[in-house]
Amino acid sequence: MFEAENIRAIADKVYELKLTGDTTEIVRPGQFVNIRVIGKYLRRPISVCDWDSESLILIFKVFGEGTEILSRIKKGEKMDILSGLGNGFTVIETDKPLLVGGGVGVPPLYGLAKKLIENGLKPNVVLGFASAKDVFYKDEFESLGLKAYVATVDGTMGTKGFVTDAIKENNIECDYFYACGPNPMLKALCSELECSGQLSLEERMGCGFGACMGCSINTAKGIKRVCHDGPVFFKEDLLWK
Amino acid sequence: MEVNMKVNLSGVELDNPIIPASGTFGFGEEFKDLYDLNILGSISFKGTTREPRFGNPTPRIAECPSGLLNSVGLQNPGIDAVINEEIPKLSKYFHKPLIANISGFSIEDYAFACEKIDKVEQVGIIEVNISCPNVKHGGMSFGTSPESAAEVTKAVKEVTTKPVYIKLSPNVTDIAAIARACEAAGADGFSLINTLLGMRIDIKKRKPVLANVVGGLSGPAVFPVALRMVYQVYKAVSVPIIGMGGISSASDVIEMMMAGASAVQIGSANLVDPFICKKIIEELPIKMQELGISSLSELKPDF
Ligand SMILES: Cc1cc2nc3c(=O)[nH]c(=O)nc-3n(C[C@H](O)[C@H](O)[C@H](O)COP(=O)(O)OP(=O)(O)OC[C@H]3O[C@@H](n4cnc5c(N)ncnc54)[C@H](O)[C@@H]3O)c2cc1C
Ligand SMILES: Cc1cc2nc3c(=O)[nH]c(=O)nc-3n(C[C@H](O)[C@H](O)[C@H](O)COP(=O)(O)O)c2cc1C
Ligand code: FES
């Protein structure tokens, strides 16, 4: 059981939710939690943005009814959450790591940025959103001492276009990348960045812990479940259709 | 009051009637660290076919009021890998008779897989899922006509001495007629219900949510339908029934057994609460006490 500690809007329809509870199952950035939402049958998967020994930060956008209900949670409310799901990112020691997040794919990269820094690495950060009103966590990444570049599709903040345009425009070099965001963004990164990397995928889930085979994908290493064997996969293992 | 939770399925004695349903518990691997699997009555493992299968394209899960649709399409590693890898792994932490859930797309497929699984000692019951489309006969599911259901039953009975339970599809007009045909062909019992065919449309994208367009509905939404069908089959046959469809509590278990089930399976509920089977097993004796039920095996419909 977790308890809602604080919820605040941080961008258009985007909320940052702080929870308190037992976080011992969370061991790596890029893992996720599966939240029971009152009135909905299936749980809702949300990435761990940041955590410490007794608290947890999630960032989510209101997409449909489940996340809408979640956005109305009140401080002190108890929450039924399955925590520490999925494999998470593996820190690889390289000179020029790059973090690329698109929309609500940004949150897990924040926890990862902190882990990379703990390991003495200093990643560049590129964040992609639709418009300036959607942008969040640019300042938080910069408070970690990192340079955070923004791309917006309509050009209202940063580079006009996609994350790949921001990478080109700013001549950002990288020798390894970590990405989370919509599939078209991930595909574009895989083809445009020559270096190797890790990507966090999204799939509709039944259980979120490996029991139902609802979220399977074909990979170079055989059939994998996004919830259990992923959500993070190595670029080399993905077979983009 | 002492309560007795033991039940008997064609000579296979279960400590309690609680069995995780096929497709919602994998081969136990994801649950073994959550609780001791040996508290369960048995386990019905993931639907197994002659060849390995990926199943249908994703998305293959859709949320519904009080339930979900799935169009997983029988993802499994194939009968040989199940026998040589999955069952030996499961045997390390589950020591009771298993229910082997077998699927196929032709009569030969069923017979082939059942003949192989017949040799596995830990398998107590073979559960034959006849909801799959018959690829040789226009894709209609085996479970939708009494003739083809009986044909599968007969073919499987010829290759095994283990009890054969036919898992019935609810997507039929007269489930009792199909059950009677299977019983006449030698079925030792029945499992029901499988999922009810349904669909959802994403109104923003104007497209079906499932890549497969349609999928099977399960969860509490189907409980009253399942209860009705178990009752109808109970009235039509004299062999044991494993009842399932939306069961999520000890009360649901008792209700299902009052409709004529000798044991029950818990499916979708495992997906939203991985501890649900343990909770139900703990709750059951308390509920029995409350209702003055001393032995579960005595629960039968007298109406
Ligand atoms: C591993 C993982 C991590 C995620 N992390 C975040 C995050 O940090 N922040 C965030 O805002 N969102 C995240 N998402 C997406 C989030 O789960 C969906 O936006 C949310 O489930 C939508 O629920 P809803 O009821 O509002 O929408 P509805 O469309 O009403 O939901 C209907 C059903 O579809 C599922 N669904 C809908 N959209 C998605 C989707 N994009 N991915 C998976 N399932 C979906 C729902 O879970 C539900 O079962 C993540 C998804 C996954 C798989
Ligand atoms: C994700 C999922 C996968 C399933 N896979 C199988 C299967 O492989 N074989 C089978 O006979 N039934 C399968 N079923 C059906 C269940 O075993 C059960 O009959 C049905 O879901 C009704 O029970 P429930 O409402 O408790 O889930 C599956 C159900 C779900 C939800
Ligand atoms: S969501 Fe059930 S196996 Fe991944």
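For the structure, see preceding data.
These numbers come from a predicted model, not from an experiment.

(A) Main features of the site of ligand 2. Near ligand 2 there are 22 residues, and of these Ser22(B), Lys167(B), Gly219(B), Gly246(B) and Ser268(B) occur at the shortest range. Neighbouring residues of ligand 2 are not confined to a single chain but are spread across chains A and B. Contact between ligand 2 and Ser22(B): an oxygen atom at 2.8 Å from a main-chain N or O atom of the residue. Between an oxygen atom of ligand 2 and a main-chain N or O atom of Gly219(B), the distance comes to 2.8 Å. For ligand 2, whose unbound accessible area comes to 600 Å², protein coverage reaches 98%. Because more than half of its atoms lie within 2 Å of the grid, ligand 2 is assigned to the second largest pocket.

(B) Structural detail: the sheet that holds strand β13 (residues 215-218) of chain B. Residue and element names in this part refer to chain B. Taken in spatial order, the 4 strands of this open sheet run β4-β5-β13-β10, and their pairing is antiparallel. If you trace the sheet from one side to the other, it starts and ends with β4 (61-64) and β10 (196-198), each paired once. Between one strand and the next, the sheet's axes are offset by a mean angle of 35°, whatever the strand orientation.

(C) A look at the site of ligand 1. The immediate surroundings of ligand 1 are formed by 20 residues, with Arg44(A), Pro45(A), Gly66(A), Thr67(A) and Arg204(A) found nearest. Taken together, the residues near ligand 1 originate from chains A and B. Separating a nitrogen atom of ligand 1 from a backbone N or O atom of Ile59(A) is a distance of 2.8 Å. At a separation of 2.4 Å, an oxygen atom of ligand 1 approaches a polar side-chain atom of Thr67(A). Considering ligand 1 on its own, with 830 Å² of exposed area, one finds that the protein chains cover 87% of that surface. Listing elements by their share of the shell around ligand 1, those giving two or more residues are β4 (44-47), β6 (55-61) and α1 (65-71) of chain A. Ranked by the residues each element gives to the shell around ligand 1, the list is headed by β4(A), at 4 residues. Residues belonging to the shell around ligand 1 are distributed by class as follows: 9 nonpolar, 4 polar and 7 charged.

(D) Summary view of the sheet that holds strand β13 (residues 176-180) of chain A. All names here are of chain A. Within the open sheet, the 7 strands sit side by side as β12-β11-β10-β9-β13-β14-β17. Their pairing is mixed. Of all strands in the sheet, those bounded by a partner on one side alone are β12 (159-160) and β17 (232-234). The strands touched by helix α2 (residues 107-118) within the sheet are β9 (97-102) and β13, with β9 carrying the most contacts at an inclination of about 165°.

Thresholds applied
Residues numbered from 1 in each chain as written. Chains lettered and ligands numbered in written order. Predicted model: local features only at pLDDT ≥ 70, side-chain atom pairs only at ≥ 80, totals over all residues. Heavy atoms only, no water. Near = heavy atom within 4 Å. Polar contact = N/O pair within 3.5 Å; in protein donor to acceptor, adjacent residues only side chain to side chain. Areas by Shrake-Rupley, 256 points an atom, 1.4 Å probe, with all protein chains shown as cover. 1 Å grid on protein atoms, 1.4 Å probe; cavity = no way out; pocket = protein on both sides within 12 Å on 5 of 7 lines; lining within 4 Å. Sits in = over half its atoms within 2 Å of the grid points. Pairing = 2+ DSSP bridges. Helix = DSSP H or I, 4+ residues; strand = E, 2+ residues; numbered from the N terminus. Axes fitted to C-alpha atoms, helices over the stretch in contact; angles between N-to-C directions. Nonpolar A, V, L, I, M, F, W, Y, C, P; charged D, E, K, R; others polar. Contact = heavy atoms within 4.5 Å.

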